[in-house]
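Read off the chains here:
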Amino acid sequence: MATKNTYAVVTGASSGLGFEFAKQLSERGYKIVLVARRKDKLEKVQKILKTESIVIQADLSDRDQCIKLVEKLKDKDVEVFINNAGFGDCGRFYETDISKELGMIDVNVTAVHILMKLMLMKMKQKVHGYILNVASSAGLFPGGPYMATYYATKAYVTSLTQAVAREMREARSELYIGALCPGPVDTEFNDVADVEFALRGMSAKDCVSYALDQMFRKRKEIIVPTLRMKLAVFGTRLLPREQVIAMTGGQQKKKKGLK
């Protein structure tokens, strides 16, 4: 449980997993810093939280705004940082919108990188500190045809997380660094990415509850909810990469009805 003046910061907090992280961390006693582009939605989230909260409107596709966000947290005792903001897209690589893809890279990769690095510098001496990057099970597969850019961005996040987590262990730091890698979750992600998952998604509430339990116990640096996704990820290690990529591409084509 949080102490009196400790904060949890959640990016992408206006909906979906971000909303649930804010809600459940508030229930655990943390003061909450809500971060997203849509101030009106953040203010709606703010009204349902059980603890004191702060709204910071920021477009994390802008590097300067990422840096300014951390500057605004300078005097806050941040114990938990949930690096959640991100989105996806689906379609053939030569047909998808390049502006949307570059925006995706800005948010899913560059913002995650900047915020993780700056928050680590701020928090690295803490005994009880947690940085959780919200990635995806997509980041644990060798590639994802028809969601090529999204899969690549999440692979970056999982790779970076594991490398930095190892560095912190070797430095004998108590700070937890991890990545949440869920399969389908019922959130606004599906609408933004313009996909319909073949598998039934888990609820955002259950996903976040599992993630926080694993994070606070510091059990694993890569958190994969549900037995089905654990088995799917494990299975990718047993098959040739090309076969896994082909199978993954087949699933993505079904989402868009591509032939």
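See the structure shown above.
Thresholds applied
Residues numbered from 1 in each chain as written. Predicted model: local features only at pLDDT ≥ 70, side-chain atom pairs only at ≥ 80, totals over all residues. Heavy atoms only, no water. Helix = DSSP H or I, 4+ residues; strand = E, 2+ residues; numbered from the N terminus. Buried < 20%, exposed > 50% of the residue type's maximum accessible area, 1.4 Å probe, protein only. Phe/Tyr/Trp six-rings, centres within 6.5 Å; stacked < 30°, edge-to-face > 60°. Lys NZ or Arg CZ within 6 Å of the ring centre and 35° of its normal. Core = buried A, V, L, I, M, F, W, Y, C linked by side-chain atoms within 4.5 Å. Contact = heavy atoms within 4.5 Å.

Q: Where do I start with unusual backbone geometry in this structure?
A: Note: most peptide bonds trans; most residues except glycine with negative phi. For tyrosine 146, which is not glycine, the phi dihedral falls at a positive 75°. When you line up the elements, tyrosine 146 lands in the loop between strand 5 (130-134) and helix 5 (148-170). Judged by relative accessible area, which is 22%, tyrosine 146 ranks as partly exposed. The phi dihedral of arginine 172 is positive, around 60°, even though this residue is not glycine. When you line up the elements, arginine 172 lands in the loop between helix 5 and strand 6 (176-180). What makes arginine 172 exposed here is its relative accessible area of 75%.

Q: Can you walk me through the packing of aromatic side chains in this structure?
A: Aromatic ring pairs are described here by two measures, namely the spacing of the ring centres and the angle between the planes. The final tally for this structure, using the stated rule, is 4 aromatic pairs. Each ring, one from tyrosine 130 and one from phenylalanine 216, has its centre 4.9 Å from the other, and the planes form 75°; the classification is edge-to-face. Within this pair, whereas tyrosine 130 is found in strand 5, its partner phenylalanine 216 is found in helix 7 (residues 204-217), the two being separated by 86 residues in sequence. With a relative accessible area of 6%, tyrosine 130 lands in the buried category. For phenylalanine 216, a relative accessible area of 21% translates into the label partly exposed. Put simply, the rings of Tyr30, Tyr130, Tyr176 and Phe216 touch in pairs and so form one group of aromatic residues. The positively charged end of lysine 76 is found above the aromatic ring belonging to tyrosine 7, 5.9 Å away from the centroid.

Q: It is not clear to me how the nonpolar core should be interpreted in this structure. Could you clarify?
A: One broad rule of soluble globular proteins: the nonpolar side chains tend to lie buried together. Membership of the largest hydrophobic core comes to 47 residues, with the highest contact counts inside it found for Leu60, Met119, Ile131 and Ile177. Mapped onto this core, the elements with two or more residues apiece are strand 1 (6-11), strand 2 (31-36), helix 3 (63-72), strand 4 (77-83), helix 4 (98-123), helix 5, strand 6 and helix 8 (227-236). Here this core takes 10 residues from helix 4, the largest share from any one element. Sequence-distant contacts of isoleucine 177, defined by excluding residues within four places in its chain, comprise Met116, Leu120, Ile131, Thr161, Ala165, Met168 and Glu221. Counting residues in hydrophobic clusters, the runner-up holds 30 residues, among them Ala8, Ile32, Leu34 and Ile82.

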